[in-house]
Amino acid sequence: MEIKDNFLEKNYFKTLHKNLLSNDFPWLYQDSVAKPAENNYNHFYFTHTLYEDLTPKTNYYQHIIPILQKLKVKSLIRVRAIMYVNQGDLIIHDKHIDYPFTHNAAVLYVNDNDGYTEIGNKKIESVANRVSIFDGSIEHNSTTCTDQKVRVVMSFNYF
């Protein structure tokens with residue numbers, strides 16, 4: 001696992017942050033976080049899929065090409081922007097794997113907050129412009145936050 005702070009160039013990250021946290025960025029509601037049909041009413045989030053099924057899914061895809069280059073992506077599996085809403089309590093989501101085969105996963109933290117990603121037994125704090133890179137077939141989980149309105153990350157799965 002690698003953790004890198006100040007991952008992206010400052011002005012590029014500032015623009016990315018502004019776009020993802022704007023009132024105009026489109027988010028889609030998902031009624032479960034880690035497992036389909038989770039039976040837990042407070043396990044939900046919002047996503048914006050940028051790439052999946054071997055094709056870009058949004059016009060915003062072109063804006064993340066510098067991130068893909070920085071991650072040295074050879075083949076892309078999926079890219080999503082993810083928004084967890086502050087629910088008043090720190091909600092710890094169920095552990096899951098992204099795909100059942102060895103591949104790279106990267107989480108880019110878009111805003112500072114008290115939420116975190118847990119990979120194995122290691123907690124990675126949400127620090128803006130930090131990236132954590134790990135094997136996406138290792139169990140991990142996310143959380144909400146309590147000190148900001150939302151917790152926003154970008155999730156990349158790739159080779």
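Residues numbered from 1 in each chain as written. Predicted model: local features only at pLDDT ≥ 70, side-chain atom pairs only at ≥ 80, totals over all residues. Heavy atoms only, no water.

Another point: the overall build of the protein chain. If you tally the helices and strands in the protein chain, you get two helices and 11 strands. Starting at the N terminus and walking to the C terminus, you meet the elements of the protein chain as β-α-β-β-β-α-β-β-β-β-β-β-β. For 159 residues, the compact-globule estimate of 2.2 N^0.38 gives 15 Å, and the C-alpha radius of gyration of the protein chain, at 14 Å, lies within 12% of that figure. Expressed along its principal axes, the backbone C-alpha trace of the protein chain runs to roughly 35 × 35 × 30 Å. Counting the 159 residues in the protein chain, one finds 50% classified as buried. The long-range fraction of contacts in the protein chain, counting pairs at least 24 apart against all pairs at least 6 apart in sequence, stands at 74%. (Helix = DSSP H or I, 4+ residues; strand = E, 2+ residues; numbered from the N terminus. Rg over C-alpha atoms; globule rule 2.2 N^0.38 Å. Buried < 20%, exposed > 50% of the residue type's maximum accessible area, 1.4 Å probe, protein only. Contact = heavy atoms within 4.5 Å.)

Tallied over the entire structure, the rule returns nine aromatic pairs. Ring centres 5.6 Å apart and planes at 25 degrees place the aromatic pair Tyr45 and Tyr84 in the stacked group. Remark: Tyr84 occurs in strand β5 (residues 76-85) and Tyr45 occurs in strand β3 (residues 45-52); sequence separation between them is 39 residues. Of the two residues examined, Tyr45 and Tyr84, each falls in the buried class. Three or more aromatic residues joined by ring pairs make a cluster, and in this case those are Phe25, Trp27 and Tyr60. The side chain of Lys70 reaches across the aromatic face of Phe7, ending 5.4 Å from its centre. (Phe/Tyr/Trp six-rings, centres within 6.5 Å; stacked < 30°, edge-to-face > 60°. Lys NZ or Arg CZ within 6 Å of the ring centre and 35° of its normal.)

So, on to the layout of surface pockets. Its boundaries defined by the atoms lining it, the largest pocket holds a volume of some 460 Å³. Lining of the largest pocket is provided by 27 residues; of these, Val33, Tyr45, Arg78, Arg80 and His96 occupy positions nearest its centre. Across the lining of the largest pocket, the residue classes break down as 11 nonpolar, 10 polar and six charged. (1 Å grid on protein atoms, 1.4 Å probe; cavity = no way out; pocket = protein on both sides within 12 Å on 5 of 7 lines; lining within 4 Å. Points joined across faces, edges and corners; volume = space filled by probe spheres on them. Nonpolar A, V, L, I, M, F, W, Y, C, P; charged D, E, K, R; others polar.)

On to the nonpolar core, then. Counting residues in hydrophobic clusters, the biggest one holds 30 residues, and the most contacted among them are Ile64, Ile67, Met154 and Phe156. Sort the elements by how many residues they give to this core and strand β11 (residues 150-158) lands first, with five residues. Formed by 11 residues, the second largest nonpolar core is a distinct cluster that contains Val33, Tyr84, Ala105 and Ile119. (Core = buried A, V, L, I, M, F, W, Y, C linked by side-chain atoms within 4.5 Å.)

This part takes up helix α1 (residues 10-20). Buried within α1 are the following residues: Tyr12, Phe13, Leu16 and Leu20. Each buried residue of α1 lies within a common arc of 95 degrees when the element is viewed along its axis, so the set occupies one face. Seen from the open side of α1, the exposed residues pointing more than 90 degrees away from its buried face are Lys10, Asn11, Lys14 and Lys18. Where α1 is buried, its residues contact α2 (65-70), β5, β6 (104-109) and β11. Capping the start of α1, Glu9 holds a side-chain oxygen 3.0 Å from the backbone nitrogen of Asn11, two or three residues further along. (Arc of directions from axis to C-beta. Polar contact = N/O pair within 3.5 Å; in protein donor to acceptor, adjacent residues only side chain to side chain.)

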